[in-house]
Amino acid sequence: MTLPLSLAVTLPPEAYLWFKTLHIVGVVVWFAGLFYLVRLFIYHREAAELEPPLRQAFEQQYGLMERRLANIITTPGMVVAVAMAVGLLLVEPLWLKQAWMHAKLAVVAALLAYHWFCYRLMGQLQRGVCNWSGRQLRALNELPTLMLVLVVMLVVFKNQFPTGAATWFLVALVVFMAASIQFYARWRRLRVERLAQQESGGAAA
Ligand code: HEM
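Residues numbered from 1 in each chain as written. Predicted model: local features only at pLDDT ≥ 70, side-chain atom pairs only at ≥ 80, totals over all residues. Heavy atoms only, no water.

So the rule is basically this: UniProt positions are given in the numbering used here, feature names are shortened, and annotations may be inferred rather than shown by experiment.
The name given to the protein in an unreviewed UniProt entry is Protoporphyrinogen IX oxidase, with Cyanobium gracile UHCC 0139 as the source organism. One UniProt comment on the protein, placed under Sequence similarities (unreviewed entry), says "Belongs to the HemJ family." Per its UniProt entry, the protein bears the Pathway (unreviewed entry) comment "Porphyrin-containing compound metabolism; protoporphyrin-IX biosynthesis; protoporphyrin-IX from protoporphyrinogen-IX: step 1/1."

Here it is in structure tokens:
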């Protein structure tokens, strides 16, 4: 491992492993926050279909949960993951010369843009001006899954990134999961509509 002189003097030899440990912890927290945040957006958006007093209460509650999740969990997770990644690169700057790291940094840039976009959506939801439907938000929530799979494959395989059947199987699995979530939501919506129709038919009779 090539330590720059200044760091070699001040950092203990196991610093790299500590940075990596905290980097992984930060990444886990960041992703947990991102996944749950957009799920809350879906519930928040769908609360618009409720009757006025309930709607207001639910929207207020989801708004509060979103702000707390974003500011207390998701963003701190991102800061820890990125700060520890900088530590890793300071200890091992040679990673910056490798192609897998360039690809990883490109995906991370997209992930940071996604993080910023979630904040934008959260602001729109709080102001009641969000145009995204629950269905579109569900689709959006699949993006970080793809980025997660890609980044983990890049750090594990590095420059030997696999392009064979196993990779395609994994991509197919993510697409299948995304499609299943959409179908399940649609099936549930239709079921609720059918039950409501049956109830209103029963009441009329
Ligand atoms: C801010 C940008 C990032 C940089 C510069 C960065 C850099 C690094 C570096 C240098 C390592 C050590 C590699 C090794 O020792 O083999 C590492 C490990 C790791 N990174 Fe990142 N990382 C970043 C963001 C992320 C993100 C967003 C994720 C998750 C989606 C992630 C997941 C991981 C994992 C799981 C490891 C452990 C890999 C292993 O030990 O084999 N990183 N990262």
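1. Quick look at the site of the ligand
Put simply, the rule reads: Put simply, a residue is near a molecule or strand once any heavy atom of it comes within 4 Å of that molecule or strand. We define a polar contact as two N or O atoms separated by no more than 3.5 Å, with the added condition that, inside protein, one atom must be a possible hydrogen donor and the other a possible acceptor, whereas residues neighbouring each other in sequence contribute only through side-chain atom pairs. Points on a 1 Å grid over protein atoms alone make up a cavity when a 1.4 Å probe fits among them but cannot get out, and a pocket when they form an open set with protein on both sides within 12 Å along at least five of seven lines; lining residues each have an atom within 4 Å of a point. Throughout, a molecule is located in a cavity or pocket provided that more than half of its atoms lie within 2 Å of its grid points. Strands here mean DSSP runs of E at least two residues long; helices mean DSSP runs of H or I at least four residues long; both are numbered from the N terminus. Polar here means any residue outside two lists: the nonpolar Ala, Val, Leu, Ile, Met, Phe, Trp, Tyr, Cys and Pro, and the charged Asp, Glu, Lys and Arg; Gly therefore counts as polar.
Every one of the 21 residues lining the ligand counts as a neighbour, but Y16, K20, H23, K104 and K158 are closest to it. One of the side-chain N or O atoms of Y16 is found 2.5 Å from an oxygen atom in the ligand. Interatomic distance of 2.9 Å between a side-chain N/O atom of K20 and an oxygen atom of the ligand. More than half of the atoms belonging to the ligand lie within 2 Å of the grid points that define the largest pocket. When residues of the shell around the ligand are assigned to their parent elements, the largest contribution, 7 residues, is made by helix α2 (residues 15-46). Of the residues that constitute the shell around the ligand, the class distribution is 17 nonpolar, 1 polar and 3 charged.

2. What to know about the environment of A165
Mapped onto the secondary structure, A165 falls in helix α7 (residues 165-204). As for A165 and A113, which are separated by 52 residues in sequence, their C-alpha atoms are 30 Å apart.

3. Here we look at a nonpolar patch on the surface
Quick reminder of the rule: Here a patch means residues that are over 30% exposed by relative accessible area and free of salt bridges, tied together within 9 Å if like-charged and within 5 Å if nonpolar (Val, Leu, Ile, Met, Phe, Trp, Tyr). Computed by Shrake-Rupley with a 1.4 Å probe, the accessible areas treat only the displayed protein chains as cover when residues are assessed. For this document, the term salt bridge refers to a Lys or Arg side-chain nitrogen within 4 Å of an Asp or Glu carboxyl oxygen. Residue burial is assigned from relative accessible area. The probe radius is 1.4 Å, only protein chains are included, and a residue is buried under 20% of its type maximum, exposed over 50%, and partly exposed in between.
Together, V25, V29, I72 and I73 give the surface a local cluster of nonpolar side chains, amounting to about 320 Å² of exposed area. Mapped onto the fold, V25 is located in helix α2. Judged by its relative accessible area of 46%, V25 is partly exposed.

4. A word on the packing of α2 against helix α4 (residues 99-127)
Under the convention used in this document: For helices, the fitted axis covers only the stretch in contact; all axes are lines through C-alpha atoms, and the angles between them, taken along N-to-C directions, range from 0 to 180 degrees. Note on convention: near helix rotated counterclockwise from far helix by under a right angle means a left-handed crossing. Clockwise means right-handed. We call two residues in contact whenever any of their non-hydrogen atoms come within 4.5 Å of each other.
Two elements in contact, α2 and α4, have axes whose closest approach is 11 Å; the angle formed by their N-to-C orientations is 35 degrees. Judged by the twist between their axes, the crossing of α2 over α4 is left-handed. Contacts between α2 and α4 involve H23, W30, F31, L34, L37, V38, F41, H44 and R45 from the first element and K104, L111, L112, Y114, H115, C118, L121, M122 and L125 from the second. Across the contact of α2 with α4, the residue classes tally to 13 nonpolar, 3 polar and 2 charged.

5. Quick notes on the coordination of the iron atom of the ligand
Geometry reference: four tetrahedral donors at a metal, ideal angle 109.5 degrees. Six octahedral donors, ideal angles 90 or 180 degrees. Stated formally: Coordination here is defined by N, O and S atoms within 2.8 Å of the metal (3.2 Å for Na, K and Ca), and since water is not considered, a site can look incomplete. Only two sets of limits are used to name each site, 85 to 135 degrees for every angle of a tetrahedral four-donor site, and over 155 degrees for opposite donors with all other angles from 65 to 115 for a square planar four-donor or octahedral six-donor site, with any other site named irregular.
H23 (NE2) and K104 (NZ) make up the full set of protein donors to the iron atom of the ligand, lying at 1.8 to 2.1 Å. Around the iron atom of the ligand, the 6 donor atoms sit at angles spanning 84 to 177 degrees, and that spread fits a shape best called octahedral. Of this pair, H23 sits in helix α2 while K104 is found in helix α4, placing the two residues 81 residues apart along the sequence. Residue classification places H23 among the buried positions, given a relative accessible area of 13%.

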